[in-house]
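# Survey of secondary and tertiary structure
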Amino acid sequence: MCEKVDVKSMDKADIKSMNLEELTVFVTGTLKEPKFRAAQLYQWLHVKLARSFDEMTSLSKALREKLDTCAVLTALETVECLVSKIDGTRKYLFRLPDGNIIESVLMKYKHGNSVCVSSQVGCRMGCRFCASTLDGLERSMTPSEMLDEVYAIQRDLGERISNVVIMGSGEPLDNYDNVVRFIKLLSDENGLHISQRNITLSTCGIVPKIYALAEEKLQVTLAISLHAVSDEQRRTLMPIANKYSIREILEACKAYYSHNNRRLTFEYSLVAGVNDSPEQARALAGLLKGLNAHVNLIPVNPIKERDFRQSDNSAVNNFKNSLEKYGENVTIRREMGRDIQAACGQLRKNYLNRQV
Ligand code: SAH
């Protein structure tokens, strides 16, 4: 069967997106190899983080050649890597197998190394303050491409990645199946085995998909990009608010919480004079009352295509203090890698602009 595969066709098996069971079917069925080869191959892919079949020295040359004919090994190519002199943050520009460019970020914390992954090339959600969405959606990413954002960085860094946040370009719940598969592979005990509790999925709030995610019974932290306290105001910042109300989102969050008891995160980007007043802090506390919630305040990162201004330090601190007064758990997102590009998606956008 394998001999009939057209080497130039796009139909070669994407083996890095397969779980061990599927890989076993591929190895024993398509490749006609013994079952233990599947476990070896899986280990090369997901533990030893091999980037070519040639590296897989415990497999015979003949098998490596067969794999080369029948399968693709998705490995991202690093186009650029900027390292912050301030805090060691690294911003990577990767080239996907089809030539598209995406951005991933490594953040070094006391508690470990965290990677922020992109889930789509571009985005179609249209949030007004976000650079990733300016040119719309190019395409969704495959599980193997998302995995390799983490693998390529772990290899490059030479240190274990302990946390992953799906907060880069793209809306993960607009690429639902691939993202769920990515999470399962990333946390698989036979792979890199990153605890699901150390994985955060950030969404603008696609309500039916939040309910679906709850049913997956994952231990992943759900982060909701709220950014406003009324639907009216949210609609001016995020087109998705025309489809789902804050009330509907919070109901879905409760359903998610009831499945795994994971504290919910609410992201709130502070825009000067728009959503950063003490009254709005009070309203936010009111909305979150009774939820086991954590609020992550993000002083908005201005992008040149829009004229949003960042709230000043005192407004940010006042907002935080007000929320705390109402008993909310709040952190301010520390700006990382200040010296190596600003807002999410801007590195990629600057790179693409330089190419034309
Ligand atoms: N689509 C996902 C992931 C987006 S990026 C989501 O909507 O959650 C992760 C977070 O950064 C989101 O809360 C997003 O709203 C926020 N964000 C995007 N651009 C920003 C900017 N320029 N300044 C501040 N926060 C921004």
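Residues numbered from 1 in each chain as written. Predicted model: local features only at pLDDT ≥ 70, side-chain atom pairs only at ≥ 80, totals over all residues. Heavy atoms only, no water.

## Let's talk about helix α6 (residues 207–215)
- Along α6, the positions that sit buried rather than exposed are V207, I210, L213 and A214. Along the long axis of α6, the arc covered by the buried residues comes to 115°, so they all point the same way.
- Tucked inside the fold, the buried residues of α6 contact α5 (176–186), β10 (199–203), β11 (221–225) and α8 (246–260).
- Positive backbone phi, approximately 55°, marks K217, located one or two places after α6. (Buried < 20%, exposed > 50% of the residue type's maximum accessible area, 1.4 Å probe, protein only. Helix = DSSP H or I, 4+ residues; strand = E, 2+ residues; numbered from the N terminus. Arc of directions from axis to C-beta. Contact = heavy atoms within 4.5 Å.)

## Regarding the packing of aromatic side chains
- Per the counting criterion, the structure on display carries 2 aromatic pairs.
- With 5.4 Å between their ring centres and 10° between their planes, Y92 and F94 make a pair best called stacked. Note on accessibility: Y92 and F94 belong to one class, buried. (Phe/Tyr/Trp six-rings, centres within 6.5 Å; stacked < 30°, edge-to-face > 60°.)

## Focus: the pairing of β10
- Across the 5 residues of β10, 5 count as buried, placing the element largely inside the fold.
- Burial along β10 is two-sided: I199, L201 and T203 facing one way and T200 and S202 facing the other are all buried.
- Handedness of the β-α-β unit built from strand β9 (residues 163–166), α5 and β10 comes out right-handed.
- Since β10 and β11 lie parallel, the crossover through α6 that links them has a hand, and here it is right-handed. (Right-handed = clockwise from strand over helix to strand, strands pointing away.)

## Overview of the site of the ligand
- The full set close to the ligand counts 18 residues, and F129, S202, S225, H227 and N301 are the nearest of them.
- Between the ligand and the protein, one listed contact pairs an oxygen atom with a backbone N or O atom of T203 at 3.3 Å.
- The side chain of S269 places a nitrogen or oxygen atom 3.0 Å from a nitrogen atom of the ligand.
- Expressed as a share of its isolated accessible area of 530 Å², the protein-covered part of the ligand is 96%.
- Contributing elements (two or more residues each) for the shell around the ligand: β10 and β12 (264–270). (Near = heavy atom within 4 Å. Polar contact = N/O pair within 3.5 Å; in protein donor to acceptor, adjacent residues only side chain to side chain. Areas by Shrake-Rupley, 256 points an atom, 1.4 Å probe, with all protein chains shown as cover.)

Read these as geometric descriptors, not functional statements.
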